[in-house]
Amino acid sequence: MKVHQLKALVAIGDHGSIRAASRAAGLSPAAVTKAVRELEDDLKTLLITREAKGVTFTEAGRALLVHARLVVGQLARAQEEMDVLVGRQQAPLRIGIGAWIALTCLGDVVTLFQQRLPAVRLEFFEGILTVSIPKLRDGTLDFCIGRSCPASMQDDFAHVPLFRTSSAVIAREGHPLAGSRSLAELKHAQWLLNWTPADDPAQRDDVFSRYLREYAPTIHVAHSFVIAMSLIRHTDMLGLMAWPLVEAVAARERLCVLPLAETLNEATASLITRRGDPLSAAAQCFIDCFNTVVYRALSSADPARRRLFHSIDGLAMDDRAMEALERAR
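Because the structure is a prediction, the values reported are computed rather than measured.

> Can you walk me through the overall build of the protein chain in this structure?
Along its length, the protein chain carries 13 helices and 11 strands. Looking at the protein chain residue by residue over its 329 residues, the buried ones come to 47%. For the protein chain, long-range pairs separated by at least 24 residues make up 77% of all intrachain contacts whose partners lie at least 6 apart in sequence. Surface accessibility of the protein chain: about 16500 Å² in total, with carbon and sulfur atoms responsible for 52%.

Written out as structure tokens, the structure reads:
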């Protein structure tokens, strides 16, 4: 297997067709086709099937694509690091960020970070697991701050707990279930989540997990915060939202919080990195800025600012978490 062959395979995976892959890679379609055919000949197996509407990866092709993305991503990171060391450029910092962080404190974090490292270019990705985890795995992301990974992925990634926060059930204004006071009243509801119950990282036995098991409601999944907000605003789906995000966007989005007696879904947000891959100095600086901003908010003289973060449990930064953060660095 040669690097240019793996790059051709990744380009096809990213763009869906040989023609689109060739445009993105700056090569001719014949060159991309030749690279993949040579790779197939070397491996003595078919990797893609060519159809009028594009290409489809075989089982072997899908398996190799995972490794090819990792190889190509690591090579790109190595090139960036070499460029930095010889002074040709400053490496970008690529971060996955959860929606509530993006809509509450991210601006303050970035402002503080730019004061400390003004030359570092930042790239942000939505921190939903289905978006961020593949990018963490292939090296596209440096780290992610968000919901912890499913238990099946714990061996691949290092997790440092940053804070805990509870959630609220939300619905559009005027929803027929808006006055419900218990989860039992929602047994026939349809839900829209940005994670699937099967991927619950801790496989918790909390109130919401027990509700899901007992009533087995219909669960829809949105891999985008914008899509989720649009659907909850315009349908009778219910959502689950972290309290800081409720404080930040519920009124603006014309959403209401159901007055349930139960306390829901105390989730832990973590710093997630590839296991064994040390954080760069820029990544460490960004995390320090994040912690600084949230700590300041918790003790702010502004009551609105304090209320925004009132449901965060002290960043969950106990001694063990701090030690884990130091090891991750």
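> Before we go on, may I ask you to explain the environment of E173 in this structure?
Position of E173 among the secondary structure elements: in the loop between β6 (157-172) and β7 (190-193). A residue is classified by how much of its surface remains accessible, and E173, at 43% relative accessible area, is partly exposed. When the C-alpha atoms of E173 and I232 are compared, they prove to be 9.8 Å apart, with 59 residues separating the residues in sequence. Here E173 is in contact with R254 and L255, once residues within four sequence places are set aside.

> Sorry, what's going on with the nonpolar core here?
Within soluble globular proteins, side chains that are nonpolar generally end up buried alongside one another. One finds L93, I101, F113, F143, M241, F286 and F290 to be the most contacted residues of the largest nonpolar core, which totals 46 residues. If one sorts the elements of this core by residue count, helix α11 (residues 281-298) sits on top with 9 residues. Among all residues touching L93, those that are not within four sequence positions of it are F113, V120, R121, L122, E123, D142, F143, S280, A282, A283 and F286. Of all hydrophobic cores here, the second largest spans 20 residues; its members include L6, L9, V10 and I48.

> Where do I start with the pattern of salt bridges in this structure?
Side chains that differ in sign of charge can pair as their charged atoms come close. Scanning the model with the defined rule gives 8 salt bridges in all. Two residues, E173 and R254, come together in a salt bridge whose shortest N-O distance is 3.6 Å. Taken together, the residues E173 in the loop between β6 and β7 and R254 in the loop between α10 (243-249) and β10 (255-257) connect sequence positions 81 residues apart. Taking relative accessible area as the criterion, R254 reaches 57% and is therefore assigned exposed. A salt bridge links E253 to R252; its shortest N-O distance comes to 3.7 Å. We classify E253 as buried; its relative accessible area is 14%. Among the residues examined, R252 registers a relative accessible area of 56% and is labelled exposed. Through salt bridges with shared partners, one network takes in R94, R121 and E123.

> Please explain the side chain of T104 as it appears in this structure.
Structurally, T104 is set in the loop between α5 (99-102) and α6 (106-116). For T104, a relative accessible area of 14% puts it in the buried group. Within the structure, T104 has its side chain in polar contact with the backbone oxygen of W100 (distance 2.5 Å).

> What should I look at first to understand the packing of aromatic side chains in this one?
Applying the stated criterion across every chain yields a total of 7 aromatic pairs. Arranged with centres 5.5 Å apart and planes meeting at 50°, the rings of Y211 and Y215 form a pair that is tilted. Taken as a pair, Y211 and Y215 lie in helix α8 (residues 207-215) at a separation of 4 residues, close to a single helical turn. Taking relative accessible area as the criterion, Y211 reaches 3% and is therefore assigned buried. Taking the relative accessible area as the measure of exposure, Y215 reaches 27% and is therefore partly exposed. Among the aromatic residues, those joined into a ring-pair cluster are F113, F124, F143 and F286.

Criteria and cut-off values
Residues numbered from 1 in each chain as written. Predicted model: local features only at pLDDT ≥ 70, side-chain atom pairs only at ≥ 80, totals over all residues. Heavy atoms only, no water. Helix = DSSP H or I, 4+ residues; strand = E, 2+ residues; numbered from the N terminus. Buried < 20%, exposed > 50% of the residue type's maximum accessible area, 1.4 Å probe, protein only. Contact = heavy atoms within 4.5 Å. Areas by Shrake-Rupley, 256 points an atom, 1.4 Å probe, with all protein chains shown as cover. Core = buried A, V, L, I, M, F, W, Y, C linked by side-chain atoms within 4.5 Å. Salt bridge = Lys/Arg side-chain N within 4 Å of Asp/Glu carboxyl O. Polar contact = N/O pair within 3.5 Å; in protein donor to acceptor, adjacent residues only side chain to side chain. Phe/Tyr/Trp six-rings, centres within 6.5 Å; stacked < 30°, edge-to-face > 60°.

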